[in-house]
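A look at the structure
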Amino acid sequence: MFLAIKELMHSKLKFLMIIIIFVLIAWLVFILSGLGNGLSNLAAATFKNMKADYVIFEEGSQSSMSKSLLSAQRVTEAEKLPNVEAAAPMGSTMATAMKGKSSKNEDKVDVAILGINPGSFLEPNIVEGQGLSSDNPKGVVVNMTLKDEGFKLGDTFQLDGTTESLTIVGFVENETYNHVASVFTPMDQWRKIAFAAPGSDKGIAEPVNAIMLQGANIDSAEMNNKLSGTDTVTRSGAVQGMPGYKEENGTILMMLAFLLAISAFVLGVFFYVITMQKTNQFGIMKAIGASNRFLSKAIVSQVFVLSLTSIIVGILLTYGTAAIMPKGMPFKLETSLVVTYSIILLVIAMLSSMVSVRKITKIDPLKALGRVE
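We now turn to the structure provided with this report. (Residues numbered from 1 in each chain as written. Predicted model: local features only at pLDDT ≥ 70, side-chain atom pairs only at ≥ 80, totals over all residues. Heavy atoms only, no water.)

Details of the overall build of the protein chain
- Each helix and strand in the protein chain was counted, giving eleven helices and 13 strands.
- Every one of the 373 residues in the protein chain was classed for burial, and the buried ones make up 46%.
- Restricting to contacts in the protein chain with at least 6 residues of sequence separation, those with at least 24 account for 80%.
- Accessible surface for the protein chain amounts to roughly 18,500 Å². Of this, 60% is attributable to carbon and sulfur atoms. (Helix = DSSP H or I, 4+ residues; strand = E, 2+ residues; numbered from the N terminus. Buried < 20%, exposed > 50% of the residue type's maximum accessible area, 1.4 Å probe, protein only. Contact = heavy atoms within 4.5 Å. Areas by Shrake-Rupley, 256 points an atom, 1.4 Å probe, with all protein chains shown as cover.)

Okay, here's the thing in structure tokens:
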């Protein structure tokens, strides 16, 4: 480590260039991971936050709420099955909220209308106002992001293309669905909105899109056998079934994978070139008794210091960038993500240095001493 630090201090400009490149790579990795996590959260925060362990869909719906339609009578049947602690229906439909009575485009906001039973385990925690009530079917609980659109507690808004109007009675945080703000409404009111067109309920009594279950060790296959025409999946499976969710996350992960692969190649080349430039120096050190192990430890220590410094600077830049990002930007950088990608970057850098270490072990002191720089 002493030798590594001394060389870093001696060749400041050369190593500063490497640090700058590594910082930019780390910065980009953290920014992409934050954007990917933000998009993922924006698409399925409501599903991720709900206190459910399993979800029952209609058979053949591919775990998609928009393709599934079940009767609410199935809720009672599901509650009687083994290991099921509680069951609650849920419905979802996309809509456009119009602030006041204006029909101007700038006053329209896309929202996801989510039907749940008031007081059920699906109802989110209220941060302002009050929760849903069966006595007030038109009262809804909405995500805090609607405040940025000019909505406030007690406001009444109409849904575009319908005669239904809803009144905001409470606000919740981090509740989004399909990239738009979630609007929670009693199940009966949701049915009026979702099945306003005659015959759209397919003749199903009290239709719902899915049934959420609480309980550990629920056997999905057994559930499907006992509830004919259904498909039971875990909550994470339901998240994966959301339209475009897998494709969106797959794109971000592929970009990150390519970036990490490119960074490994770039760093490996830089460290190898630096090692090649010092071949005669390593030859002299070998000639006076320095072992391969000693020289290898010096190189690895040097790479470790450079990498750790670059990653820390990259993290600081990322949090600084996050602080000035617009509110509407779907960016969410979790500590677990930062730690995970920091470790990955550090491991990549250390593995990249192995090429240089291998080169050192093969240096012949006699040949190195005869080199002319």
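A closer look at the pattern of salt bridges
- Following the criterion strictly, the structure yields eight salt bridges and no others.
- Where Asp188 meets Arg191, a salt bridge forms, and the shortest distance between an N and an O atom there is 3.0 Å. Of the two residues, Asp188 and Arg191 both sit in helix α4 (residues 187–194), three residues apart, roughly one turn of that helix.
- As a salt-bridge pair, Glu222 and Lys226 come within 3.0 Å of each other at their nearest N and O atoms. Here Glu222 pairs with Lys226, and both are found in helix α5 (residues 220–226), just four residues apart, close to one helical turn. (Salt bridge = Lys/Arg side-chain N within 4 Å of Asp/Glu carboxyl O.)

Regarding the packing of aromatic side chains
- Following the criterion strictly, the structure yields three aromatic pairs and no others.
- Aromatic side chains Trp190 and Phe195 sit 5.4 Å apart centroid to centroid with 85° between the ring planes, which places their arrangement in the edge-to-face category. Comparing Trp190 with Phe195 shows no difference in burial state: the two are buried. (Phe/Tyr/Trp six-rings, centres within 6.5 Å; stacked < 30°, edge-to-face > 60°.)

Some remarks on unusual backbone geometry
- In this structure, Asn174 is a non-glycine residue whose phi angle is positive, near 55°.
- Relative to the assigned elements, Asn174 resides in the loop between β8 (165–172) and β9 (176–177).
- Phi is positive for Lys202, which is not a glycine, with a value near 60°.
- Looking at the element boundaries, Lys202 is found in the loop between α4 and β11 (207–208).
- Of the residues examined, Lys202 reaches a relative accessible area of 64% and is grouped as exposed.

Quick word on the environment of Asn143
- Tracing the backbone shows Asn143 in strand β6 (residues 139–143).
- Relative accessible area serves as the criterion here: at 2%, Asn143 is assigned to the buried category.
- On a C-alpha basis, the gap between Asn143 and Asn174 in space is 6.8 Å, while along the polypeptide they are 31 residues apart.
- The contact partners of Asn143, leaving out residues within four places of it in the chain, are Phe171, Val172, Glu173, Asn174, Glu175, Thr176, Ala181 and Ser182.
- Within the structure, Asn143 has its side chain in polar contact with the backbone nitrogen of Asn174 (distance 3.3 Å). (Polar contact = N/O pair within 3.5 Å; in protein donor to acceptor, adjacent residues only side chain to side chain.)

Comments concerning the side chain of Asn37
- Along the chain, the position of Asn37 falls in helix α2 (residues 12–49).
- The class of Asn37 is buried, set by a relative accessible area of 16%.
- A distance of 2.9 Å separates a polar side-chain atom of Asn37 from the backbone oxygen of Lys332.
- In this structure Asn37 touches Lys332, Glu334 and Leu337, once residues within four positions along its chain are discounted.

A word on the pairing of strand β7 (residues 156–159)
- Residues Phe157 and Leu159 point to one face of β7 and are all buried, whereas Thr156 and Gln158, pointing to the other face, are not buried.
- Relative to β7, strand β3 (residues 86–99) runs antiparallel, the two sharing three bridges. Bridge pairing in β7 places Ala97 opposite Leu159.
- By the bridge criterion, three bridges tie β7 to β8 in an arrangement that is antiparallel. Each bridged residue has a counterpart across the sheet, and for Gln158 the counterpart in β8 is Ser165. (Pairing = 2+ DSSP bridges.)

Side note on the packing of helix α9 (residues 292–324) against helix α10 (residues 335–361)
- Contact geometry for α9 and α10: axes closest at 9 Å, N-to-C directions at 150°. In terms of their interaxial angle, α9 and α10 are classed as roughly antiparallel. The way α9 lies across α10 gives a crossing that is right-handed. For the pair α9 and α10, contact is made by Asn292, Leu295, Ser296, Ile299, Val300, Val303, Phe304, Ser307, Leu308, Ile311, Ile315 and Tyr319 and by Val338, Ser342, Leu345, Leu346, Ala349, Met350, Ser353, Met354, Ser356, Val357, Ile360 and Thr361, respectively.
- Broken down by class, the residue content of the contact of α9 with α10 amounts to 17 nonpolar, seven polar and no charged. (Axes fitted to C-alpha atoms, helices over the stretch in contact; angles between N-to-C directions. Parallel < 35°, antiparallel > 145°, perpendicular 65-115°, else oblique. Left-handed = near helix turned anticlockwise from the far one by under 90°. Nonpolar A, V, L, I, M, F, W, Y, C, P; charged D, E, K, R; others polar.)

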